[in-house]
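# Fold and contact review
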Amino acid sequence: MGLLSKKDSKLILDPLADNNPITIQVLGICSALAITAQLKPSIVMAVSVVFVLGIGNVVISLMRNIIPSKIRIIVQLIVVATLVIIVDQVLKAFAYELSKELSVFIGLIITNCIIMGRFEAFALGNGPWRSFLDGIGNAAGYGVILIIVGFFRELLGSGTLFGFKVLGDPVEKSGLYAIGYENNGFMVLPPMALIVVGLIIWVQRSKNKALIEEH
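What comes next is a walk through the structure.

What counts and what doesn't
Each chain has its residues counted from 1, running along the sequence as written. Only residues with pLDDT of 70 or above have their local features reported here, since the model is predicted, and side-chain atom pairs are shown and tallied only from 80 upward, although totals for entire chains, interfaces and linings are computed over all residues. Computation of side-chain values covers all heavy atoms of the structure but excludes hydrogens and water. Only DSSP runs of H or I with at least four residues qualify as helices, and only runs of E with at least two residues qualify as strands; both kinds are numbered from the N terminus onward. Buried, partly exposed and exposed residues are distinguished by accessible area as a fraction of the type maximum, computed with a 1.4 Å probe on protein chains only: under 20%, between the cut-offs, and over 50%, respectively. By the convention used here, residues are in contact when the closest approach between their heavy atoms is within 4.5 Å. The accessible surface values rely on the Shrake-Rupley method and a 1.4 Å probe; as for residues, cover is taken only from the protein chains in view. The working definition used for a salt bridge is a side-chain nitrogen of Lys or Arg within 4 Å of a carboxyl oxygen of Asp or Glu. Cavity means a closed set of points on a 1 Å grid over the protein atoms alone, one where a 1.4 Å probe fits but cannot get out, pocket means an open set with protein on both sides within 12 Å along at least 5 of 7 lines, and lining means a residue has an atom within 4 Å of a point. Grid points are joined across faces, edges and corners, and a volume is the space filled by probe spheres set on the points. For this scheme, ten residues count as nonpolar: Ala, Val, Leu, Ile, Met, Phe, Trp, Tyr, Cys and Pro. Four count as charged, namely Asp, Glu, Lys and Arg, and the remainder, Gly too, count as polar. Simply put, an axis is a line fit to the C-alpha atoms, just over the touching stretch for a helix, and the angle between two N-to-C directions goes from 0 to 180 degrees. Crossing handedness follows the turn of the near helix against the far one: under a right angle anticlockwise gives a left-handed crossing, and clockwise gives a right-handed one. What counts as a ring pair is set by centres within 6.5 Å for rings of Phe, Tyr and Trp (its six-membered ring), and what kind of pair is set by the plane angle: stacked under 30 degrees, edge-to-face over 60, tilted for all other angles. The nonpolar core is taken to be a set of buried Ala, Val, Leu, Ile, Met, Phe, Trp, Tyr and Cys residues, with the residues joined through side-chain atoms within 4.5 Å.

All right, on to the overall build of the chain then. Within the chain one finds 8 helices and 2 strands. When its helices and strands are written in sequence order, the chain yields α-α-α-α-α-α-α-β-β-α. For the chain, the residues scored as buried account for 41% of the 215 residues in total. In the chain, the proportion of contacts linking residues at least 24 apart, taken out of those at least 6 apart, comes to 75%. As displayed, the chain offers around 11600 Å² of accessible surface, 70% of which is attributable to carbon and sulfur atoms.

Below is the structure:
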């Protein structure tokens, strides 16, 4: 018997594709637009949300039988705020420049509707292990889209990945720039993130017709 049952595996795998929180549920779009101009902050945000949602789901699950229903939202906000503060302090300690770049958006993890949605929809009704898997799966699904968007926006908008020039030097006209290639400045603007997410949604539905909603 493997570590994960078939039902447990679905908690991890479904949010990565056919039940992705961004491309299928259309949640957490704001941060996808805001921090994906470069790949590095996209990865840091993805890892941060994996930590907050994975641990947060476990904490809410452990407390689910003692939380009064009337104040459950307040308790959930306290849990997610505490975890976000931990992430923020770790970034300030080990990646200060990146923490300054992401500070506002790390704070806004508190309002990420994916996190509060999973607390409400899953962690309040399931045990810690399955809640942990659900949190990791949904956060990973969110993070995969952020990383894909960040990859294409930095590559096509700046010609770099992680800040390193991968398409050549636009000043010295080396690499692709030698044959006339130019960076697409629109890719670093927030609206292009929405367009890239839209293209991902289009590709995903083109490959799986079952995902196309009926009107």
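Next up on the list: the pattern of salt bridges. Taken as a whole, this structure holds 8 salt bridges when the rule is applied. For the salt bridge of Asp 8 with Arg 130, the shortest nitrogen-to-oxygen distance reads 3.3 Å. With Asp 8 in helix α1 (residues 6-13) and Arg 130 in helix α7 (residues 128-158), this pair connects stretches of sequence that are 122 residues apart. For Asp 8, a relative accessible area of 11% puts it in the buried group. Of the charged contacts, one joins Asp 88 and Lys 92 as a salt bridge, the two residues approaching to 3.4 Å between their closest N and O atoms. Of this pair, Asp 88 and Lys 92 are both found in helix α4 (residues 72-94), 4 residues apart, which corresponds to roughly one turn of the helix. Since its relative accessible area comes to 16%, Asp 88 is described here as buried.

Let us look at unusual backbone geometry. In this structure, Val 26 is a non-glycine residue whose phi angle is positive, near 50 degrees. Of note, Val 26 is situated in the loop between α1 and α2 (29-34). Judged by relative accessible area, which is 51%, Val 26 ranks as exposed. Even without a glycine there, the phi angle at Lys 173 is positive, about 55 degrees. Mapped onto the secondary structure, Lys 173 falls in the loop between β2 (164-165) and α8 (190-207).

A volume near 190 Å³ is recorded for the largest pocket. Along its surface, the largest pocket is lined by 13 residues, and Cys 30, Ser 31, Leu 108, Thr 111 and Asn 112 are the ones closest to its centre. Among the elements that line the lining of the largest pocket, the one with the most residues is α2, at 4 residues. The class makeup of the residues in the lining of the largest pocket is 9 nonpolar, 4 polar and no charged.

In contact at an axis separation of 9 Å, helix α3 (residues 39-63) and α4 are set at 145 degrees when each is read in the N-to-C sense. Here α3 runs over α4; the crossing is right-handed. Taking contact as the criterion, the partners of Val 44, Ser 48, Phe 51, Val 52, Ile 55, Gly 56, Val 59, Ile 60 and Met 63 in α3 are, on α4, Val 75, Gln 76, Val 79, Val 80, Leu 83, Val 84, Ile 86, Val 87 and Leu 91.

What follows covers the packing of aromatic side chains. Per the counting criterion, the structure on display carries 3 aromatic pairs. For the ring pair Trp 129 and Phe 132, a centre distance of 6.0 Å and an interplane angle of 25 degrees mean the geometry is stacked. Placement of the pair is Trp 129 and Phe 132 together in helix α7, with a separation of 3 residues, close to one helical turn. By relative accessible area, which is 41% here, Trp 129 ends up partly exposed.

Formed by 38 residues in total, the largest nonpolar core has its most connected members in Ile 22, Met 45, Val 52, Ile 106 and Ile 109. Listing elements by their share of this core, those giving two or more residues are α2, α3, α4, α5 (96-107), α6 (113-121), α7 and α8. The biggest single contributor to this core is α4, with 7 residues.

Any functional reading would require information beyond the geometric quantities listed.
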